[in-house]
Structures are given as C-alpha cells and as structure tokens.
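Structural overview
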Amino acid sequence: MAEVRARAPGKIILSGEHAVVHGSTAVAAAIDLYTHVSFRLDSPLPPENGDGSVELELKDMALVFSWSSSRLKEVLGDGFADSSTPVSCSPGRIKSIAALVEEQNIPEAKFWLSSGVSCFLYLYTSIHGYKRGKVVVTSDLPLGSGLGSSASFCVSVAGALLALSDAISVDTSQTEWFKFSKNELELVNRWAFEGEKIIHGKPSGIDNTVSTFGGMIQFRSGELTHIKSSAPLRMLITNTKVGRNTKALVAGVSERASRHPDAMASVFTAVDFISKELSAIIQSPAQDDISITAREEKIEELMEMNQGLLQCMGVSHAAIEMVLRTMLKYKLASKLTGAGGGGCVLTLLPTWLLLSSIHAASSA
Ligand SMILES: Nc1ncnc2c1ncn2[C@@H]1O[C@H](COP(=O)(O)OP(=O)(O)O)[C@@H](O)[C@H]1O
Ligand SMILES: C[C@@](O)(CCOP(=O)(O)O)CC(=O)O
Ligand SMILES: [Mg+2]
C-alpha cells in the first residue's frame with residue numbers, strides 16, 4: 001500500500017476567457033484556493049479474496065462511488081494503462097464510462113457532478129488500469145463558478161495518480177511537500193488537459209496550465225509565458241451564486257461564431273489585443289503614485305472593454321450586470337471571470353481605495 005496527497009489551485013482570468021478557446025491571448029493567475037486529493041494505492045488481493053475496487057469519495061458532498069475491478073474490466077475491456085503517454089478519451093470510451101457513472105445513482109440534484117466523476121474514472125483507469133485504490137477529494141473552491149474548479153480537480157487528481165505511477169516515482173516515506181520537476185509538471189498538465197476535455201468539451205488549456213504551474217501566465221494556443229506583476233494587483237471576487245456550466249457556454253460561443261464568423265473573428269482579435277496590452281501593463285514598472293494610478297486606470301479600462309466583448313459573445317448575465325453596476329457606483333471597474341453566464345465577477349481594488357480606507361480608519 002502507498003499513499004500520497006496532492007493539491008492544485010483555482011484561477012482567475014484577468015482577460016481573454018472564451019476568446020482563448022478560439023486562439024486569442026489570455027491572462028490568468030492562480031488563486032489561493034485549492035482542490036485537495038489523497039490517493040491510496042492498495043496492494044493486489046490474493047485471488048481467493050476477490051478483485052478489489054476503485055473508490056472515489058467526494059468528501060464535501062458526502063458521496064462515495066465505487067466500482068469493482070472486474071466490472072471496470074468488463075465494461076472498459078482489457079486495455080492496458082500507460083501513465084507516461086496522455087491520450088484523448090475516445091467517444092466509445094466516454095460512452096462506456098458514462099454507463100459506469102450512471103450505475104452509481106448520482107443524486108438528481110447533483111447530476112452536474114457526472115462529468116467530474118467520468119473524468120476521474122478516465123484518469124484513474126488510464127493511469128492505473130483496474131488496480132484497487134481510493135481517492136478522496138475536498139475543495140476550497142465553489143464548483144461551476146468560473147474559478148477553475150474543474151481544472152484544479154483534473155490537475156490534483158492527475159498529480160496524485162501520477163505520483164504513484166511508473167511515470168513519476170515519489171518517495172512516499174517523506175512527509176514534506178514534494179515538488180515535481182518541469183517535465184513531471186508537463187506530464188501532469190497533459191493528463192489534466194485530457195480530463196478537462198471531458199468536463200469542458202473544448203477547453204483552451206489555460207485553466208489546467210495555470211493550475212499546474214501556478215503564478216500568473218499569458219497563454220495563447222497552448223503556449224504559456226510566465227509573467228510577473230510589477231506592483232500588487234488586488235482583486236475582489238464576487239460570486240453571483242448563479243449556477244452555470246462551462247461546457248454549454250463554450251459551445252454557445254462557438255455556435256455564435258459559426259453564425260457570424262467575420263464579426264466574431266473581429267471580437268476575438270480585439271480580445272487578443274486587450275490581453276496583450278494588459279499583460280504589458282501588468283509587467284511595466286510603476287514607481288510613483290502617479291504611475292501606479294495611471295497603470296490601474298489602464299487596467300480598469302481594459303477590463304471594461306473585455307467585459308463589453310464578453311457581452312457581445314453572449315456570456316454575461318443579469319446577476320453579473322448587477323454586480324458591475326453596483327461596483328460602478330463606487331467607481332470600481334469589473335468583469336466576469338471564467339465562462340460567465342453567472343459565476344464570479346472580478347473587481348479591481350485600486351490603490352486610492354486602499355489609501356482612503358486606511359485614512360478613514362486612522363481618522364476614526
Ligand atoms: N471537487 C470536485 N469534485 C467532483 N467534481 C468536480 C470537482 N470540482 C469540479 N468538478 C467538476 O467540474 C464541474 C465544474 O466545472 P466548470 O463547469 O468548468 O466550472 P469551474 O471550472 O468554473 O468551476 C463540476 O460540475 C464537476 O463535474
Ligand atoms: C471559458 C473558458 O475560457 C474558461 C472557463 O473557465 P471556468 O471553467 O468557468 O472556470 C474556457 C477555456 O478556456 O477552456
Ligand atoms: Mg472549468
């Protein structure tokens with residue numbers, strides 16, 4: 001028996017969601033909220049004791065799913081697992097996995113979990129075949145709210161599974177956090193991307209990439225550049241608590257793009273320029289109060305322009321608009337983050353606001 005724990009962060013998208021699926025540049029940053037996974041890989045049972053099972057516990061929801069190794073083999077066939085070579089889940093395999101997930105009777109009110117459970121089964125059986133083991137998941141993130149819970153789920157599950165695979169061997173006797181090498185992180189990221197495909201349909205890869213590598217990134221067509229902000233950027237995250245589904249929203253934007261190809265191509269190009277400019281401003285040095293204010297005003301303007309284009313793509317929502325209007329009363333600029341249609345809104349908290357609250361506190 002061997003056991004590991006892994007965690008991976010959620011993210012905010014500062015600019016470029018949706019357009020990034022269509023090849024535009026986007027800017028994203030990891031946030032300090034994580035999905036946590038523990039994985040225990042059990043030793044094989046002696047033949048007289050049966051064949052064991054693969055178990056998934058979603059602790060926050062008090063749900064446990066379990067498949068016997070023989071049932072998995074019966075439905076998915078004899079295919080062998082190769083942890084070092086990420087492969088896409090074929091339509092046939094997706095169907096078989098969906099049947100295995102359906103057998104688990106996920107509560108009707110939580111049907112949206114099925115894609116996450118399917119993604120788990122895909123990653124598990126692709127990396128460890130039908131070996132018996134148990135994965136326990138908890139998350140700090142709100143699910144389906146634009147903070148990348150799906151990607152952090154994929155990255156943390158892939159990371160934990162790979163840590164006990166032939167591809168990456170972790171010394172399980174140590175209790176310190178083990179840091180994956182760049183090549184190992186790349187492997188985790190590629191598997192997580194395959195998982196994210198099951199949840200998002202057509203992911204750009206930005207969420208799994210920023211969750212795997214952390215920090216702040218500029219991302220375009222699978223290529224990432226690490227960037228560093230020259231001064232602190234404070235963002236308020238407001239959750240509208242309006243539920244939505246990234247897969248459906250991404251598909252909706254693609255449909256709009258096929259109805260209005262030229263107009264939407266221009267929208268995606270505009271977003272590409274916005275993200276590149278935002279990335280440059282974020283990195284540009286700002287020494288004094290005047291340049292800090294100028295920098296923040298430019299960022300606010302770009303966030304508002306990006307929000308306008310997200311409205312153009314049809315992914316805003318009345319609840320998002322309400323947050324935007326409320327923040328505007330305080331002269332604060334906002335945009336949705338992630339897939340939109342509900343979920344979370346980002347508001348830049350400029351330095352003047354911080355200074356005026358410090359002033360108010362000290363004169364009180
Ligand atoms: N901790 C988790 N456990 C199980 N499934 C999860 C978990 N986190 C995310 N998921 C899956 O990801 C889906 C949400 O992903 P998505 O719609 O892309 O929104 P977001 O990534 O913004 O949270 C959930 O419906 C679920 O299927
Ligand atoms: C809309 C999109 O750009 C980001 C989706 O983020 P989230 O799943 O809403 O956290 C999709 C993608 O890039 O894969
Ligand atoms: Mg997602």
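Not measured: the values here are computed from a predicted model. Chains are numbered independently. Their residues run from 1 in the order of the written sequence. Chain A is the first chain written and ligand 1 is the first ligand written, with later ones labelled in order. Residue-level local features of this predicted model are given only where pLDDT is at least 70; pairs of side-chain atoms are given and counted only at 80 or more, and the full residue set underlies all totals for whole chains, interfaces and linings. Remark: hydrogens and water are excluded; side-chain values derive from all non-hydrogen atoms of the structure.

Looking at ligand 2, there are 19 residues lining it, with Lys11, Ser204, Arg244, Thr246 and Ala339 nearest. Definition of a polar contact: a pair of N or O atoms within 3.5 Å, with one able to donate and the other able to accept a hydrogen when the atoms are protein atoms, and with sequence-neighbouring residues admitted only if both atoms are side-chain atoms. One of the backbone nitrogen or oxygen atoms of His18 is found 3.0 Å away from an oxygen atom of ligand 2. A distance of 2.9 Å separates an oxygen atom of ligand 2 from a polar atom in the side chain of Thr246. Computed with a 1.4 Å probe, the accessible areas rest on the Shrake-Rupley method; for each residue, only the protein chains presented here act as cover. Contact with the protein chains removes 98% of the 380 Å² of surface that ligand 2 exposes when unbound. Each helix corresponds to a stretch of at least 4 residues labelled H or I by DSSP, and each strand to a stretch of at least 2 residues labelled E; elements are numbered beginning at the N terminus. Of all the secondary-structure elements, those providing two or more residues to the shell around ligand 2 are strand E1 (2-15), helix H6 (206-213) and helix H7 (246-259). Residues are sorted three ways: Asp, Glu, Lys and Arg are charged, Ala, Val, Leu, Ile, Met, Phe, Trp, Tyr, Cys and Pro are nonpolar, and all the rest, Gly among them, are polar. Here the residues of the shell around ligand 2 are counted per class, giving 8 nonpolar, 7 polar and 4 charged. Segmentation into domains, and thus their bounds, comes from an automatic or database assignment. Counting residues domain by domain, the shell around ligand 2 receives three or more from each of domain 1 (2-225) and domain 2 (231-363). We call a residue near a molecule or strand when any one of its heavy atoms sits within 4 Å of it.

Note that water is not among the atoms used; donors are N, O and S atoms within 2.8 Å of the metal (3.2 Å for Na, K and Ca), so sites may look incomplete. On the protein side, the magnesium ion (ligand 3) has Ser150 (OG) and His200 (NE2) as donor atoms, found 2.1 to 2.2 Å from it. Within this pair, whereas Ser150 is found in helix H4 (residues 149-163), its partner His200 is found in helix H5 (residues 182-200), the two being separated by 50 residues in sequence. Across the pair, His200 and Ser150 agree in class, each one buried. Under the scheme applied here, a residue whose accessible area is under 20% of the maximum for its type counts as buried, over 50% as exposed, and between as partly exposed, the area being computed with a 1.4 Å probe on protein chains only.

Time to look at the layout of surface pockets. Reported here for the second largest pocket is a volume of approximately 850 Å³. As for the second largest pocket, its lining consists of 29 residues, of which Ala6, Arg7, Trp177, Phe178 and Lys179 are closest to the centre. Elements represented by at least two residues in the lining of the second largest pocket include exactly E1, H4, H5 and H6. In terms of residue count, the dominant contributor to the lining of the second largest pocket is E1 (7 residues). Here the residues of the lining of the second largest pocket are counted per class, giving 15 nonpolar, 8 polar and 6 charged. We place a 1 Å grid over just the protein atoms. Points where a 1.4 Å probe fits but has no way out form a cavity, open points with protein on both sides within 12 Å along at least 5 of 7 lines form a pocket, and any residue with an atom within 4 Å of a point lines it. Grid points are joined across faces, edges and corners, and a volume is the space filled by probe spheres set on the points.

Time to look at the site of ligand 1. Trp112, Gly144, Gly146, Ser149 and His200 are the nearest of the 20 residues found near ligand 1. Backbone polar atom of Gly144 to an oxygen atom of ligand 1: 2.8 Å apart, as the coordinates give it. A distance of 2.8 Å separates an oxygen atom of ligand 1 from a polar side-chain atom of His200. When the free accessible area of ligand 1 is taken as 560 Å², the share hidden by the protein chains comes to 95%. Elements with a minimum of two residues in the shell around ligand 1: helix H3 (114-128), strand E5 (133-139), H4 and H5. Sort the elements by how many residues they give to the shell around ligand 1 and H4 lands first, with 3 residues. Each residue belonging to the shell around ligand 1 can be placed in one class, and the counts come to 8 nonpolar, 11 polar and 1 charged.

Looking now at the UniProt feature "domain: GHMP kinase N-terminal" (unreviewed entry) in the protein. UniProt positions are given in the numbering used here, feature names are shortened, and annotations may be inferred rather than shown by experiment. UniProt records the feature "domain: GHMP kinase N-terminal" (unreviewed entry) at residues 129-215, using the numbering of this structure. Counting secondary structure, residues 129-215 comes out at 48% helix and 8% strand; the distance between its end C-alpha atoms is 33 Å.

Only buried residues count toward a nonpolar core, which is a set of Ala, Val, Leu, Ile, Met, Phe, Trp, Tyr and Cys residues joined through side-chain atoms within 4.5 Å. Counting residues in hydrophobic clusters, the biggest one holds 49 residues, and the most contacted among them are Phe39, Leu56, Trp67, Phe120 and Val135. At 9 residues, H4 tops the list of elements feeding residues into this core. When sequence neighbours within four positions are dropped, the list of residues in contact with Phe39 reads Ala2, Glu3, Val4, Tyr124, His128, Lys134, Val135, Ala160, Leu161 and Leu164. Only heavy atoms matter for contacts: two residues are in contact if any of them lie within 4.5 Å across the pair.

Taken across its 8 residues, H6 has 7 buried, putting it largely inside the fold. For H6, the complete set of buried residues consists of Ile206, Asp207, Asn208, Thr209, Val210, Ser211 and Thr212. Buried residues along H6 sit in contact with E1, strand E2 (26-41), H4, H5, strand E6 (216-220) and strand E7 (223-227).

For the rest of this paragraph, the subject is a nonpolar patch on the surface. On the surface, a cluster of nonpolar side chains totalling about 330 Å² of accessible area is made up of Phe111, Trp112 and Leu143. Inspection of the secondary structure assignment puts Phe111 in the loop between helix H2 (91-102) and H3. In this analysis, a patch consists of residues with relative accessible area above 30% that form no salt bridge, clustered at 9 Å for like charges and at 5 Å for the nonpolar side chains Val, Leu, Ile, Met, Phe, Trp and Tyr. What makes a salt bridge here is a side-chain nitrogen of Lys or Arg within 4 Å of a carboxyl oxygen of Asp or Glu, nothing more.

Taken from the UniProt record, the annotation "domain: GHMP kinase C-terminal" (unreviewed entry) applies to residues 297-349. End-to-end, the C-alpha atoms of residues 297-349 are 11 Å apart, and along that stretch the chain is 53% helix and 15% strand.

Another point: the packing of H2 against H3. Contact geometry of H2 with H3 gives a least axis separation of 9 Å together with a crossing angle of 115°. In the packing of H2 onto H3, the handedness of the crossing is right-handed. Residues Arg93, Ile97, Leu100 and Val101 of H2 touch H3, and the partners they reach there are Ser114, Val117, Ser118, Leu121, Tyr122, Thr125 and Ser126. Within the contact of H2 with H3, the residues separate by chemical class into 6 nonpolar, 4 polar and 1 charged. Here, axes are lines fitted to C-alpha atoms. For helices the fit covers the stretch in contact, and angles between N-to-C directions go from 0 to 180 degrees. Whether a crossing is left-handed or right-handed is set by the direction in which the near helix is turned from the far one by less than a right angle, anticlockwise for left-handed and clockwise for right-handed.

Below, the discussion takes up a negative patch on the surface. Only four residue types enter the tally: Lys and Arg on the positive side, Asp and Glu on the negative side, with His and both chain ends excluded. The atoms used to mark charge sites are NZ of Lys, CZ of Arg, CG of Asp and CD of Glu. Side chains of Glu277, Glu297, Glu301 and Glu304 sit close together on the surface and give a patch of like negative charge. Of the residues forming the negative patch, the biggest block, 3 residues, is contributed by helix H9 (residues 289-312). Along the polypeptide, Glu304 turns up in helix H9.

This part covers the side chain of Ser24. Position of Ser24 among the secondary structure elements: in the loop between E1 and E2. Ser24 gets classed as buried once you look at its relative accessible area, which sits at 4%. A polar contact of 2.8 Å, which involves the side chain of Ser24, links it to the backbone oxygen of Phe268. Apart from residues lying up to four places away in sequence, Ser24 is in contact with Ala19, Phe219, Arg220, Phe268, Thr269 and Asp272.

Bringing the sheet that holds strand E9 (residues 334-336) into the picture now. If you trace the 3 strands from one edge of the open sheet to the other, you get E8-E10-E9, paired in antiparallel fashion. Where the open sheet ends on each side, the last strands, each with one partner, are strand E8 (235-239) and E9. Taken pair by pair, the neighbouring strands of this sheet meet at an average axis angle of 25°, ignoring direction. Strands were regarded as paired on the criterion that DSSP finds at least two bridges between them. Bridge count between E8 and strand E10 (residues 344-348): 5 bridges; the pairing is antiparallel. Residue Asn239 lies in a different strand from E10, and its bridge partner there is Cys344. Across the sheet, H9 lies against E8, E9 and E10, angled at about 35° from E9, the strand it touches most.

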